[in-house]
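Inside the fold
Chain by chain, the residues:
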Amino acid sequence: MPAPHPDISIRAAVDGDLGALLALEHASFTSDHLSRRQYRQHLHSATADVLAAADAVGLLGKAVVFYRAGSDIARLYSIAVAERARGRGVAKALMAAVEVAARRRQCARLRLEVRKGNTAAIALYERLGFRRFGEKRGFYEDGADAWRYEKRLTRDE
Ligand SMILES: CC(C)(COP(=O)(O)OP(=O)(O)OC[C@H]1O[C@@H](n2cnc3c(N)ncnc32)[C@H](O)[C@@H]1OP(=O)(O)O)[C@@H](O)C(=O)NCCC(=O)NCCS
């Protein structure tokens, strides 16, 4: 899988990452946190991928992707990079790995929601070719609205 730096690996998250995943979750988001129980479920779910970016020191980032039986649309539920590692291409590498994982499951599209006003994430998605196609009002637990984005996944990328 692609990585931004030779010392950084992108891999499937494992139970041993749970503590670091939760710490990153709470450091990165003000609401809508995944719980330890939910992470543990997703780590072992046939309809989810939890990807981790890590270096020798520890977890740098994560992405959570959901799939549905009978649907060729993958959903990026969450992505976050630790503050100490931001701006170094870790999210870009995680997103590349997410696309590889979604294609492996025969998905033709990748969709996501992003909080309106999250300029860093919106810039990331638009730079990677995601197209805004709608919105969800009051999508987040705190009542904030979301933009909906989609990217078509070509077979040979
Ligand atoms: C959004 C986030 C995941 C980006 O992670 P990152 O590893 O710093 O991003 P990268 O270094 O891979 O940057 C990739 C691209 O994203 C965009 N980007 C990233 N951070 C940005 C910022 N602060 N301002 C503007 N654009 C930004 C740029 O287009 C960048 O490409 P470039 O460097 O070639 O211009 C990170 O800021 C984060 O974890 N934020 C908190 C959690 C969050 O909001 N997650 C998204 C929920 S929908």
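Residues numbered from 1 in each chain as written. Predicted model: local features only at pLDDT ≥ 70, side-chain atom pairs only at ≥ 80, totals over all residues.

**Structural notes on the overall build of the protein**
Check the secondary structure of the protein and you find four helices and seven strands. Its helices and strands in sequence order give the protein the pattern β-α-α-β-β-β-α-β-α-β-β, from N to C terminus. In terms of C-alpha radius of gyration, the protein reaches 15 Å, essentially the compact-globule figure of 15 Å for 157 residues. Principal-axis analysis of the C-alpha atoms places the extent of the protein at approximately 40 × 40 × 30 Å. (Helix = DSSP H or I, 4+ residues; strand = E, 2+ residues; numbered from the N terminus. Rg over C-alpha atoms; globule rule 2.2 N^0.38 Å.)

**Some thoughts on the site of the ligand**
Neighbouring the ligand are 19 residues, the closest being Arg86, Ala91, Ala120, Ala123 and Leu124. Elements with a minimum of two residues in the shell around the ligand: strand S4 (73-81), helix H3 (90-104) and helix H4 (119-127). Partitioned by chemical class, the residues of the shell around the ligand number 10 nonpolar, five polar and four charged. (Near = placed C-beta within 6 Å. Nonpolar A, V, L, I, M, F, W, Y, C, P; charged D, E, K, R; others polar.)

**Concerning the sheet that holds strand S5 (residues 109-115)**
Taken in spatial order, the seven strands line up as S1-S2-S3-S4-S5-S7-S6 in an open sheet, and their pairing is mixed. Only two strands of the sheet have a single neighbouring strand rather than two, namely strand S1 (9-12) and strand S6 (131-136). For this sheet, the mean angle separating the axes of adjacent strands, direction not counted, is 25°. Sheet analysis places S6 next to strand S7 (residues 146-152), joined by five bridges and oriented antiparallel. Bridging from a neighbouring strand, Arg132 pairs with Tyr149 of S7. (Pairing = 2+ DSSP bridges. Axes fitted to C-alpha atoms, helices over the stretch in contact; angles between N-to-C directions.)

**Considerations on the nonpolar core**
Ranked by size, the top nonpolar core spans 38 residues in total, and within it Leu51, Ala53, Ala63, Val90, Leu94 and Val98 carry the most contacts. A total of eight residues in this core trace back to one element, the largest contributor, which is H3. Each residue touching Leu51, except ones within four places of it in the same chain, is listed here: Ile10, Ala12, Ala13, Lys62, Ala63, Leu94, Ala97, Val98 and Ala101. (Core = buried A, V, L, I, M, F, W, Y, C linked by C-beta atoms within 7 Å. Buried ≥ 20, exposed ≤ 12 C-beta atoms within 10 Å, placed from the backbone. Contact = placed C-beta atoms within 7 Å.)

**Describing unusual backbone geometry**
For Asp32, which is not glycine, the phi dihedral falls at a positive 60°. For Asp32, the location among the structural elements is in the loop between helix H1 (18-28) and helix H2 (36-43). With 14 C-beta atoms packed within 10 Å, Asp32 lands in the partly exposed category. The phi angle at Gln106 is positive, at roughly 65°, despite the residue not being glycine. Here Gln106 is to be found in the loop between H3 and S5. Gln106 gets classed as exposed once you count the C-beta atoms within 10 Å, which come to 11.

**With respect to the packing of H1 against H2**
If you want to describe how two helices pack, look at the angle between their axes and the distance between the axes. In the contact formed by H1 and H2, the axes pass within 10 Å of each other and the chain directions differ by 125°. By the angle between their directions, the pair H1 and H2 is classed as oblique. The hand of the H1/H2 crossing is right-handed. Here Leu18, Leu21 and Leu22 of H1 lie close against H2, whose contacting residues are Arg36, Tyr39 and Arg40. Of the residues belonging to the contact of H1 with H2, the class tally is four nonpolar, no polar and two charged. (Parallel < 35°, antiparallel > 145°, perpendicular 65-115°, else oblique. Left-handed = near helix turned anticlockwise from the far one by under 90°.)

**Considerations on the pairing of S7**
Judged by which residues are buried, S7 turns out to be one-sided: Trp147, Tyr149 and Lys151 face inward and are buried, whereas Ala146, Arg148, Glu150 and Arg152, on the alternate face, are not. Relative to S7, S5 runs antiparallel, the two sharing seven bridges. What sits directly across from Leu112, in S7, is Tyr149.

**Here we look at the environment of Ala146**
Within the element layout of this structure, Ala146 appears in strand S7. Linking Ala146 and Asn118, residues 28 residues apart in sequence, is a C-alpha distance of 9.5 Å. Not counting the four nearest positions on each side in its chain, Ala146 is found in contact with Glu113, Val114, Arg115, Lys116, Glu135, Lys136, Phe139 and Tyr140.

The values reported here are purely geometric and, on their own, carry no functional implication.
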